[in-house]
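# Chain and residue survey
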Amino acid sequence: MKLRHKIAGTLALPLALAIASTANAATVYDDEKQTLKIGGFVAAQAYWEMPDAGEVNYGMDLGTSRLNVTHTSKTSAGDITFMYEQNIANNTLRHAVIMYDGWVAGQTWSMFANLNGLGETLDANGNAITSSWASRRAMLGKNFSLGEGMSVGVAFEEKGDNAGNPGNASPMPDLTANFKAKVGGVGLFAAAQLYQVNDATDPKASEGKARFTASAAVPIADVVTVKAALTSDTDKYNAVSVSGQFKITDQVRTNLVVESYMDDGKDKDYTQVWVNAIYRMQSGLEWGAEVQMVSGDTATGGGAAVVSPAAGAGVVDGDMAFRLQAKYAF
């Protein structure tokens with residue numbers, strides 16, 4: 001059973017990767033009427049998957065390489081921004097969204113996406129799989145500023161889970177609300193989502209369920225950031241993660257991420273640990289190395305897969321993985 005989660009469509013990402021392309025976007029044109037920016041990054045990743053039982057699996061890919069274009073029209077009624085972003089590796093859509101006066105329409109981060117709680121991993125999924133979702137959805141929503149770094153958002157969203165799997169046949173969209181705040185440098189996030197599942201006793205009926213998420217990101221002395229995140233699905237599981245980033249120098253940073261998943265089902269609980277180090281050259285090129293380890297329940301007879309509810313893929317007790325990555329953002 002491979003450690004590497006194969007996700008079609010939506011890919012959960014660590015926060016550093018999620019913002020890298022826009023944060024490093026180059027301004028192509030800017031005047032009093034419009035601004036055009038192009039950004040993205042190219043990554044090359046080699047990985048060795050070392051299952052507890054079986055042969056070592058080796059592979060290489062483009063990681064989460066992507067390209068984006070952002071255009072802002074400056075009008076008397078306010079700025080209208082359109083962003084389009086595409087995965088280079090698998091040619092899938094990441095973002096195609098219009099933003100105006102707090103309104104958000106198109107495909108972009110779900111308002112349930114807990115980017116505030118994500119620890120940085122070279123593993124493209126990282127703790128986003130269960131404890132800090134980072135899904136993107138088709139949506140229509142509105143963000144309301146509460147002043148002093150606080151906001152509330154509400155949205156109708158495309159049905160589905162964190163891996164982009166489709167929802168049920170109910171005509172109801174997912175309903176999401178969130179709260180964001182920055183208090184004394186501490187980032188806070190909380191969200192709730194109501195969704196429908198098919199009724200087990202009646203294929204023509206559905207029933208409502210709820211999921212919740214919350215996180216805090218605490219900077220310490222400008223060189224350490226500690227994050228904690230929790231996601232609870234009333235129909236499935238609870239997951240919690242804790243991460244810490246230490247900036248050894250302006251060019252070298254290390255990350256430790258620990259996530260525990262707790263399921264009502266038999267022999268599905270597991271804990272994953274990621275440890276990595278990343279070196280950023282003055283040219284902007286980054287080099288990274290990471291080890292991932294899994295400890296989980298096993299059923300009678302051993303070797304039972306611990307299945308991630310979001311990815312639909314498994315991790316097994318005793319599995320390990322090692323990754324090397326080179327990345328350049330522009």
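Attention here is on the structure that accompanies the text. For clarity, every value in this text was computed on a predicted model and none was experimentally measured. Position numbers for residues start from 1 in each chain and track the written sequence from start to end. Reporting of local features is limited, given that this is a predicted model, to residues whose pLDDT is at least 70; pairs of side-chain atoms are given and counted only at 80 or more, and all residues count toward the totals for whole chains, interfaces and linings. Only heavy atoms go into the side-chain values, all of them from the structure, while hydrogens and water stay out.

### What about the overall build of the protein?
Strands here mean DSSP runs of E at least two residues long; helices mean DSSP runs of H or I at least four residues long; both are numbered from the N terminus. Broken down by element type, the protein carries one helix and 20 strands. Contact criterion: two residues are considered in contact whenever any of their non-hydrogen atoms come within 4.5 Å of each other. Once local pairs closer than 6 in sequence are excluded, the contacts in the protein between residues at least 24 apart make up 53%. Total accessible area on the protein stands at roughly 15500 Å², and carbon and sulfur atoms take up 61% of it. A 1.4 Å probe and the Shrake-Rupley method give the accessible areas. Residues count as covered only by the protein chains that appear here.

### Observations regarding a nonpolar patch on the surface
Here the term patch refers to residues with relative accessible area over 30% and no salt bridge, with like charges joined within 9 Å and nonpolar side chains (Val, Leu, Ile, Met, Phe, Trp, Tyr) within 5 Å. One side-chain nitrogen of Lys or Arg within 4 Å of one carboxyl oxygen of Asp or Glu is enough to make a salt bridge. On the surface, Val28, Tyr29, Ile38, Val42, Leu62, Leu67, Val69, Ile88, Tyr328 and Phe330 cluster together to form a nonpolar patch covering roughly 810 Å² of accessible area. If you list the elements that add at least two residues to the nonpolar patch, you get β1 (26–30), β2 (34–50) and β4 (66–75). Within the secondary structure, Ile38 sits in strand β2. Judged by its relative accessible area of 33%, Ile38 is partly exposed. Exposure categories follow from relative accessible area, calculated using a 1.4 Å probe and restricted to protein chains: below 20% of the type maximum is buried, above 50% is exposed, and the middle band is partly exposed.

### Section: the side chain of Asn68
Tracing the backbone shows Asn68 in strand β4. On the basis of relative accessible area, Asn68 is assigned to the buried category, the value being 0%.

### Some thoughts on the packing of aromatic side chains
Stacked, tilted and edge-to-face are the three classes assigned to paired rings of Phe, Tyr and Trp, where Trp is represented by its six-membered ring and a pair needs centres within 6.5 Å; plane angles under 30 degrees give stacked, over 60 edge-to-face, the rest tilted. Evaluated as defined, the whole model comprises five aromatic pairs. Between the aromatic rings of Trp48 and Tyr58, the centroid separation amounts to 5.2 Å while the plane-to-plane angle is 40 degrees, which identifies the pairing as tilted. In this pair, Trp48 sits in strand β2 while Tyr58 sits in strand β3 (residues 57–61), placing the two residues 10 residues apart along the sequence. Every member of this aromatic cluster is reached through a ring pair, and the members are Trp48, Tyr58 and Phe322.

### Quick look at the side chain of Asn116
The topology assignment puts Asn116 in the loop between β7 (103–109) and β8 (136–147). Here a polar contact is taken to be a pair of N or O atoms separated by no more than 3.5 Å, where protein atoms must pair a possible hydrogen donor with a possible acceptor and residues adjacent in sequence count only if both atoms sit in side chains. Separated by 3.1 Å, the side chain of Asn116 and the backbone oxygen of Gly187 make a polar contact. Those residues within four positions of Asn116 in sequence are excluded, and the remaining contacts are Gly187, Leu188, Phe189, Ser215, Ala216, Ala217 and Lys227.

### Overview of the pairing of strand β5 (residues 78–87)
Pairing between two strands requires that DSSP report at least two bridges joining them. By the bridge criterion, 10 bridges tie β4 to β5 in an arrangement that is antiparallel. If you follow Asn68 over to β5, its bridge partner there is Glu85. Connecting β4 to the antiparallel partner β5 that follows it, the hairpin turn spans two residues. Pairing between β5 and strand β6 (residues 93–100): seven bridges, direction antiparallel. Looking at the pairing, Phe82 lines up with Ile98 of β6. What sits between the antiparallel neighbours β5 and β6 is a turn of five residues, in which Asn91 has the positive phi angle 55 degrees.

Purely geometric numbers; function is a separate question.
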